[in-house]
Amino acid sequence: IDETQPAGRRNVKYIEFTNCMEDWNFTNEPLEYELFDLDSDPFELVNIFSSNRLSLDFIKKLQATVRRLYNCSGQTCRDFHSLKATTTSLKNNAHTNQLREQVKKS
């Protein structure tokens, strides 16, 4: 929950799916994405990842937070402020370009 975000982005659940048998260290692009607004959809019935309500910057921030959580250890995993993502932490790579195309299509 991030109270600084506007409605629809305050209480979200972001998920990336990958095949851990082939990509155990999460170096490949995820196979599928899900994003739920838990305030308006507490039962997670509507995946809003590809909706036009989302900006590319918001998606990048979610991705960066997931990467930081994957790579953190010890106290850094518990410190929310150290996990807040910045858009500069993601490179302009194929993964980001794929997201940009998905957002454009919606």
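Only a predicted model underlies this, so the values are computations on that prediction, with no experimental measurement involved.

Draft legend 1. The arrangement of unusual backbone geometry in detail. Residue Glu 44 is not a glycine yet carries a positive backbone phi of 55°. Among the structural elements, Glu 44 can be located in the loop between β2 (32-37) and α1 (56-71).

Draft legend 2. Focus on the pattern of salt bridges. All chains considered together, the criterion is met by two salt bridges. Lys 13 is the partner of Glu 44 in a salt bridge, and the nearest nitrogen-oxygen pair spans 3.2 Å. Of this pair, Glu 44 sits in the loop between β2 and α1 while Lys 13 sits in strand β1 (residues 12-17), placing them 31 residues apart in sequence. Close ionic contact of Arg 67 with Glu 16 constitutes a salt bridge, the shortest N to O distance being 2.9 Å. Residue Arg 67 is located in helix α1, and its partner Glu 16 is located in strand β1; the two are separated by 51 residues in the primary sequence.

Draft legend 3. Here's a closer look at the side chain of Asn 11. Summarising the element assignment, Asn 11 is placed in the segment before β1. Only 3.3 Å separates the side chain of Asn 11 from the side chain of Asp 39, close enough to count as a polar contact.

Draft legend 4. Structural detail: the side chain of Ser 51. Tracing the backbone through its elements, the reader meets Ser 51 in the loop between β2 and α1. Only 2.9 Å separates the side chain of Ser 51 from the backbone oxygen of Ile 48, close enough to count as a polar contact.

Cut-offs applied
- Residues numbered from 1 in each chain as written.
- Predicted model: local features only at pLDDT ≥ 70, side-chain atom pairs only at ≥ 80, totals over all residues.
- Heavy atoms only, no water.
- Helix = DSSP H or I, 4+ residues; strand = E, 2+ residues; numbered from the N terminus.
- Salt bridge = Lys/Arg side-chain N within 4 Å of Asp/Glu carboxyl O.
- Polar contact = N/O pair within 3.5 Å; in protein donor to acceptor, adjacent residues only side chain to side chain.

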